[in-house]
Amino acid sequence: MSKSLYTRSLACVGILLSCYALYVEHKTSHPDTTPAPDGSFIEEEFQALCDIEAIGASCSKVFNLPEGRMLTYFGIVPHDSILDVPNAFLGLLYYSIMFTREQFLPKNHLFNTLTVVINCAAMTSSVWLATKLVILKELCLLCWTTHLLNLLLLSYYGRQLIKSNKAKQA
């Protein structure tokens, strides 16, 4: 597998997982209702594919925790502002940037450095979120998968930056 195909594949998996996470977060925070014969409304139950009761895994529960919107959680943006987005949206943005970087941007030292900085930010948030999952004793398979993707992308681009630095010094 070519290097570009490897990183594009990781980014595509991240994009798909982020889209599904956004879908789950939306369905759990805005449940569908159907009218009942008596005029009342009945909430339709939603079961996410990543909610696996047999092993105690629940992504839908985790996505609706306060930490599920890091920008608001840390006070970077006000609650209910247009920038108060779920972490899955930030992931979608991140993986889209990684895909675009690999597909269309030049492979030079500046872009390698910038990519590693972005990867470090993503990995920092992954470590913080993973720590929260452990502390809260929550199992979110989708979350752990994205943390692994972030680690793989950081290690790949970190190695690329080191190679680029060595070539620049030679």
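Residues numbered from 1 in each chain as written. Predicted model: local features only at pLDDT ≥ 70, side-chain atom pairs only at ≥ 80, totals over all residues. Heavy atoms only, no water.

Looking at the layout of surface pockets
What counts here: Lining residues are those with an atom within 4 Å of a point, where the points come from a 1 Å grid over the protein atoms alone and group into cavities, where a 1.4 Å probe fits but cannot get out, or pockets, open sets with protein on both sides within 12 Å along at least five of seven lines. Grid points are joined across faces, edges and corners, and a volume is the space filled by probe spheres set on the points. Only DSSP runs of H or I reaching four residues or more are called helices, and only runs of E reaching two or more are called strands; each is numbered from the N terminus. Amino acid classes used here: Ala, Val, Leu, Ile, Met, Phe, Trp, Tyr, Cys and Pro are nonpolar; Asp, Glu, Lys and Arg are charged; the rest, including Gly, are polar.
Its boundaries defined by the atoms lining it, the largest pocket holds a volume of some 640 Å³. Around the largest pocket sit 32 residues that line it, and Asn87, Ala88, Gly91, Ser125 and Leu129 are the ones nearest its centre. If you list the elements that add at least two residues to the lining of the largest pocket, you get α1 (3-29), α2 (59-63), α4 (87-104), α5 (109-136) and α6 (141-169). The element that contributes the greatest number of residues to the lining of the largest pocket is α5, accounting for nine residues. Of the residues in the lining of the largest pocket, the class split is 20 nonpolar, nine polar and three charged.

Regarding the state of the cysteines
For clarity, the threshold we go by: Any cysteine sulfur atom paired with another within 2.5 Å is treated as part of a disulfide. To sort residues, take the accessible area from a 1.4 Å probe on protein chains only and compare it with the maximum for the residue type: under 20% means buried, over 50% means exposed, and anything in between is partly exposed.
Under the counting rule described, the total for this entry stands at two disulfides. Two residues share a disulfide in this structure: Cys50 and Cys59, whose sulfurs sit 1.6 Å from each other. Judged by the torsion about the S-S bond (50 degrees), the Cys50/Cys59 disulfide is right-handed. Using a relative accessible area of 9% as the deciding quantity, one classes Cys50 as buried. Overall, the relative accessible area of 0% leaves Cys59 in the buried class. Here Cys140 connects covalently by a disulfide to Cys143, the sulfurs 2.3 Å from one another. Judged by the torsion about the S-S bond (70 degrees), the Cys140/Cys143 disulfide is right-handed. A relative accessible area of 0% means that Cys140 is categorised as buried. When its relative accessible area of 11% is taken as the criterion, Cys143 is described as buried. Counting only the cysteines that take part in disulfides, in the order they occur along the protein chain, gives the pairing 1-2, 3-4.

With respect to the packing of α5 against α6
We count it as follows: In this analysis an axis means a line fitted to C-alpha atoms, helices contributing only their contacting stretch, and an angle means the value between N-to-C directions, from 0 to 180 degrees. Throughout, the term roughly parallel applies to angles under 35 degrees, roughly antiparallel to angles over 145, roughly perpendicular to angles from 65 to 115, and oblique to all others. Each helix crossing is assigned a hand: it is left-handed if the near helix lies turned anticlockwise from the far helix by less than a right angle, otherwise right-handed if that turn is clockwise.
For the pair α5 and α6, interaxial distance at closest approach is 8 Å and the crossing angle is 150 degrees. Considering the angle they form, α5 stands roughly antiparallel to α6. For the pair α5 and α6, the sense of crossing is left-handed. Within the contact of α5 with α6, the residues separate by chemical class into 15 nonpolar, twelve polar and one charged.

Describing the packing of α4 against α6
What counts, and what does not: The criterion used for residue contact is that any of the two residues' heavy atoms lie within 4.5 Å.
Running from N to C, α4 and α6 point in directions that differ by 30 degrees, and their axes come no closer than 12 Å. Considering the relative orientation of α4 and α6, their crossing is left-handed. Residues Tyr94, Tyr95, Met98, Arg101 and Glu102 of α4 form the contact with α6, whose own contacting residues are Thr146, Leu149, Asn150, Leu153 and Tyr157. Per-class residue counts for the contact of α4 with α6 are six nonpolar, two polar and two charged.

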